[in-house]
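Spelled out from the first residue to the last, the chains are:
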Amino acid sequence: MYKICSLFAGVGGIDLGFLETNKCEIAYANEFDKYAVETYEKNFENKVDCRDIHSVKVNEIPEFDIMVGGFPCTSFSVAGYRKGFEDDRTGDLFFEMERIFKERKPRVIFLENVKNLVGHDKGKTFKTIIQKLEEAGYKDKIKCQVLNACEYGNIPQNRERIYIVAFKDKEDFDRFQMPMPTTLDKNIKDVFNFDTKVDDKYYYTEGKYKGNIYKLLTEEMDDDNTVYQWRRKYVRKNQSNLVPTLTANMGEGGHNVPLIKTKFGIRKLTPIECFYAQGYPKYYELPTDMSDARLYKQAGNSVVVPVINRIAENIMKALN
């Protein structure tokens, strides 16, 4: 079994994708957000180190073969601040990963981030990340690709992310390839429950919100086979019948809210449906005493599990 060191583990989406290969186990996981840790530990056997990554000493981390991490992306995201490494809050977190992989030199390093990372600061940010990997011993053994969930994960969400896989050994690198596109045979009705009434709090009704939101929604939302998105002052229909990219603040501040039309009315997605839209399995559980806002944030910040799993499967083939 290959041992995983999971940094910025969130609610465990990357970990889950690797565990589903049945060839890995989590040796160590670190996540600073205590609410994400609560969700993680509800679904995994291992405990999470909830300390700030800056406080974690390299010799405190158990032995591991593979480092995985989706380091916080607000610094690079179109929906975030786009400050990159200059962001006082999260800009240095990649370098905390570097501090660890530079010393421990794992057999594989797997990184995930927003597509915008590639072009951020005219490509300088991405170039720095690759340079740091090369300096640590992974030169000429790195593969990167932007993959969309709907093309590579059989998940009906338009979600493009950059995936970086670095190998210590040339033989492993030579045997590895990114997954090929796959047919999308799932649609939104495989992910969301159109046929069962959910809690009243998720439905839009007349007078529930300020202004004329309800009137506008009922006039514009005429298709029960797609997902709409409330964008502060207007509603946008997804013409390709995909879920728009889920975000950490969906539903908060009155924008980026994914909506569907059902026979029971127009409603938001429930938190668990957002997890399903990220490809989480039906057995994944959410805490029952946690606010929807925190659960929406966890889903939006997470990864598409089937895409992770397909890459992980290919990594396992390369290592074996």
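An account of the accompanying structure is given in this report. The shown structure was predicted, so the numbers you read here are calculated from the model rather than taken from an experiment. (Residues numbered from 1 in each chain as written. Predicted model: local features only at pLDDT ≥ 70, side-chain atom pairs only at ≥ 80, totals over all residues. Heavy atoms only, no water.)

### Re the pairing of strand β1 (residues 2-7)
Part 1: Of all 6 residues making up β1, 5 are buried, and the element is well covered by its neighbours.
Part 2: Across 6 bridges, β1 lies against strand β2 (residues 24-30) in parallel orientation. Along β2, the bridge assignment pairs cysteine 5 with tyrosine 28.
Part 3: With helix α1 (residues 13-19) bridging β1 and the parallel β2, this β-α-β connection has right-handed handedness.
Part 4: Sheet topology places β1 next to strand β3 (residues 66-69); 4 bridges connect them, and they run parallel. Bridge pairing links serine 6 to valine 68 in β3. (Buried < 20%, exposed > 50% of the residue type's maximum accessible area, 1.4 Å probe, protein only. Helix = DSSP H or I, 4+ residues; strand = E, 2+ residues; numbered from the N terminus. Pairing = 2+ DSSP bridges. Right-handed = clockwise from strand over helix to strand, strands pointing away.)

### Focus on the packing of helix α3 (residues 93-104) against helix α4 (residues 124-138)
Part 1: Following both chains from N to C, one finds α3 and α4 inclined at 10°, their axes separated by 10 Å at the closest point. Taken together, the axis directions place α3 and α4 in an arrangement best described as roughly parallel. Facing α3, whose interface residues are Phe94, Phe95, Glu98, Phe101 and Lys102, α4 presents Thr128, Ile129, Lys132, Leu133, Ala136 and Tyr138.
Part 2: Among the residues making up the contact of α3 with α4, the classes are represented as 7 nonpolar, 1 polar and 3 charged. (Axes fitted to C-alpha atoms, helices over the stretch in contact; angles between N-to-C directions. Parallel < 35°, antiparallel > 145°, perpendicular 65-115°, else oblique. Contact = heavy atoms within 4.5 Å. Nonpolar A, V, L, I, M, F, W, Y, C, P; charged D, E, K, R; others polar.)

### Quick look at the pattern of salt bridges
Part 1: Per the stated rule, a full pass over the model turns up 17 salt bridges.
Part 2: Salt-bridge contacts for arginine 51 lead to aspartate 49; the nearest nitrogen and oxygen are separated by 2.9 Å.
Part 3: The buried category is assigned to aspartate 49, whose relative accessible area is 16%.
Part 4: Arginine 99 serves as the salt-bridge partner of glutamate 96, at 2.9 Å between the closest nitrogen and oxygen. Taken together, the residues span about one helical turn, with glutamate 96 and arginine 99 both in helix α3 at a distance of 3 residues.
Part 5: Arginine 99 sits in the partly exposed class, given a relative accessible area of 27%.
Part 6: By sharing partners, the salt bridges in this structure join Asp49, Arg51 and Glu60 into a single network. (Salt bridge = Lys/Arg side-chain N within 4 Å of Asp/Glu carboxyl O.)

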